[in-house]
Amino acid sequence: MANEYLKKINRFRILVMGRANAGKTTILQRVCNSTDKPEIFDGKGNKIESDIVQGTLTRGYHDIQNELVFQSNPGFVFHDSCGFEAGSTQQFDQMKQFVADHAVTTRVNERIHAIWFCIPMTDSHRTVTAAEQKFFNECDTGHVPVIVLVTKVDALYLTAIRELLDGGLTIGDAKARATEKQGELLDKWLGHVKHELEMCKLPPKGYVSLQKMHQEDGDCTLLMECTANVLNEEGLQRLLISTQQSSIGICVKYAVNK
């Protein structure tokens with residue numbers, strides 16, 4: 001029965017969440033090995049012209065129902081939830097309803113299979129705000145796993161330099177120790193994020209930190225592995241692994257393990 005159900009699913013669907021400027025689009029480009037912007041379709045499969053999309057975004061309008069698809073890998077379908085950090089109850093309720101509808105819909109090709117929640121390190125002192133706490137306390141995603149993506153980790157390099165200089169090091173010594181210090185800062189803030197979110201009623205299933213996503217050779221292997229590991233169906237794991245283009249090694253690993 002499970003195999004028959006999975007045969008009807010031909011694309012892996014992901015809801016991407018997080019505040020504005022969290023690096024969401026860049027991550028999706030790396031996942032799909034693309035430098036292009038995604039094509040956007042409405043909930044009925046009709047393509048929306050880019051000038052219309054840009055106009056609505058400029059006016060602050062955003063439709064979570066829209067599908068984002070990259071031509072380089074149409075096996076992935078993404079939905080982008082605009083940040084609700086401003087405290088908009090309407091935006092939060094729309095997102096919550098979308099999750100509820102697409103987690104259990106009988107139209108299996110419209111179901112979401114995973115949620116990526118992005119938290120950027122460009123604002124490391126605001127890693128877990130009221131918006132994140134509201135989501136992880138109130139939004140029951142059912143069997144759909146949520147993975148927290150700690151993004152823009154590269155921003156911590158400048159923070160590391162600044163803290164080392166403030167500690168009395170010369171610019172040369174600060175640069176020499178910056179990478180190590182950056183790692184310490186990442187551990188600190190990732191630990192803080194985990195501590196805060198694990199106290200919520202509905203904590204995430206996994207965490208992954210992402211670096212160098214602005215580079216075309218940015219590596220998404222850890223993101224794919226983390227997502228596959230928290231999926232609750234082996235068939236969905238196979239679908240994700242076969243769809244992703246980030247790493248042949250992941251395909252080999254899962255082929256051996258399964």
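The structure this text deals with has already been given above.
Reading guide: rules and limits
Residues numbered from 1 in each chain as written. Predicted model: local features only at pLDDT ≥ 70, side-chain atom pairs only at ≥ 80, totals over all residues. Heavy atoms only, no water. Helix = DSSP H or I, 4+ residues; strand = E, 2+ residues; numbered from the N terminus. Buried < 20%, exposed > 50% of the residue type's maximum accessible area, 1.4 Å probe, protein only. Contact = heavy atoms within 4.5 Å. Axes fitted to C-alpha atoms, helices over the stretch in contact; angles between N-to-C directions. Parallel < 35°, antiparallel > 145°, perpendicular 65-115°, else oblique. Left-handed = near helix turned anticlockwise from the far one by under 90°. Nonpolar A, V, L, I, M, F, W, Y, C, P; charged D, E, K, R; others polar. Expected span 1.5 Å × (residues − 1). Polar contact = N/O pair within 3.5 Å; in protein donor to acceptor, adjacent residues only side chain to side chain. Phe/Tyr/Trp six-rings, centres within 6.5 Å; stacked < 30°, edge-to-face > 60°. Lys NZ or Arg CZ within 6 Å of the ring centre and 35° of its normal. Pairing = 2+ DSSP bridges. Right-handed = clockwise from strand over helix to strand, strands pointing away.

Novice: Is there a simple way to explain the overall build of the protein in this structure?
Specialist: Secondary structure assignment for the protein yields ten helices and eight strands. Residue burial in the protein is summarised as follows: out of 258 residues, 48% are buried. For the protein, the share of sequence-separated contacts (at least 6 apart) that also reach a separation of at least 24 residues comes to 72%.

Novice: I'm lost on the packing of helix α8 (residues 221–230) against helix α9 (residues 234–243) in this one. Help?
Specialist: Contact geometry of α8 with α9 gives a least axis separation of 8 Å together with a crossing angle of 165 degrees. Between α8 and α9, the angle falls in the class roughly antiparallel. Seen along the crossing, α8 lies across α9 with a hand that is right-handed. When α8 is examined against α9, the residues Met224, Thr227, Ala228 and Asn229 are found in contact with a partner set consisting of Gln237, Leu240 and Ile241. Class assignment for the residues of the contact of α8 with α9 results in four nonpolar, three polar and no charged.

Novice: Any chance you could explain helix α6 (residues 155–166) here in plain terms?
Specialist: The α-helix winds at 3.6 residues per turn, so residues separated by three or four positions along the chain end up facing the same way. The first and last C-alpha atoms of α6 sit 17 Å apart over twelve residues, in line with the 16 Å expected at 1.5 Å per residue. For α6, the secondary structure elements touched by its buried residues are α7 (171–198). Note on α6: the residue one or two positions beyond its end, glycine 168, has a positive phi of about 105 degrees.

Novice: Sorry, what's going on with unusual backbone geometry here?
Specialist: For residues besides glycine, phi is generally negative; the peptide bonds are generally trans as well. Of note, the phi angle at lysine 152 is positive, near 55 degrees, even though the residue is not glycine. Within the secondary structure, lysine 152 sits in the loop between β7 (146–151) and α6. With a relative accessible area of 32%, lysine 152 lands in the partly exposed category. Look at lysine 212: it is not a glycine, yet its phi comes out positive at around 55 degrees. Checked against the element boundaries, lysine 212 lands in the loop between β8 (206–209) and α8. Look at lysine 212 and you get partly exposed, because its relative accessible area is 42%.

Novice: When you look at the side chain of arginine 19 in this model, what are you seeing that I'm missing?
Specialist: For arginine 19, the location among the structural elements is in the loop between β1 (12–18) and α2 (24–31). The class of arginine 19 is buried, set by a relative accessible area of 7%. Engagement of the side chain of arginine 19 in a polar contact is seen with the side chain of glutamate 132, the distance being 3.1 Å.

Novice: Hey, could you run me through the packing of aromatic side chains in this one?
Specialist: Any two aromatic rings considered together are summarised by their centre-to-centre distance and by the angle between their planes. For the structure shown, the criterion picks out seven aromatic pairs. Taken together, a centroid distance of 6.3 Å and an interplanar angle of 75 degrees make the contact between phenylalanine 70 and phenylalanine 78 edge-to-face. An aromatic cluster of at least three residues, connected via ring pairs, comprises Phe12, Phe70, Phe76, Phe78 and Trp116. Across the ring face of phenylalanine 92, the terminal group of lysine 134 is positioned such that the distance to the ring centre comes to 4.5 Å.

Novice: Honestly, the side chain of histidine 79 in this entry has me stumped. Any pointers?
Specialist: Examined against the element boundaries, histidine 79 turns out to sit in strand β5 (residues 76–80). Residue classification places histidine 79 among the buried positions, given a relative accessible area of 2%. Only 2.9 Å separates the side chain of histidine 79 from the side chain of arginine 13, close enough to count as a polar contact. Here asparagine 66 takes part through its backbone oxygen, which lies 3.0 Å from a polar atom of the side chain of histidine 79. What histidine 79 contacts, discounting residues up to four positions off in sequence, is Arg13, Ile14, Leu15, Val16, Ile64, Gln65, Asn66, Glu67, Phe98 and Ile112.

Novice: What is the right way to look at the pairing of β7 in this model?
Specialist: The side chains of a regular strand alternate between the sheet's two faces. For β7, the tally of buried residues reaches six of six residues, placing the bulk of the element in the interior. Neither face of β7 is left uncovered, since the one carrying Val146, Val148 and Val150 and the one carrying Ile147, Leu149 and Thr151 both have all their residues buried. Here six bridges tie strand β6 (residues 114–120) to β7, and the two strands are oriented parallel to one another. Across the sheet, proline 120 pairs through a bridge with threonine 151, a residue of β7. Crossover handedness for the path β6 to helix α5 (residues 130–138) to β7: right-handed. In the sheet, β7 pairs with β8 via four bridges, with the strands oriented parallel. Residue pairing in the sheet places valine 150 in a bridge with serine 209 of β8.

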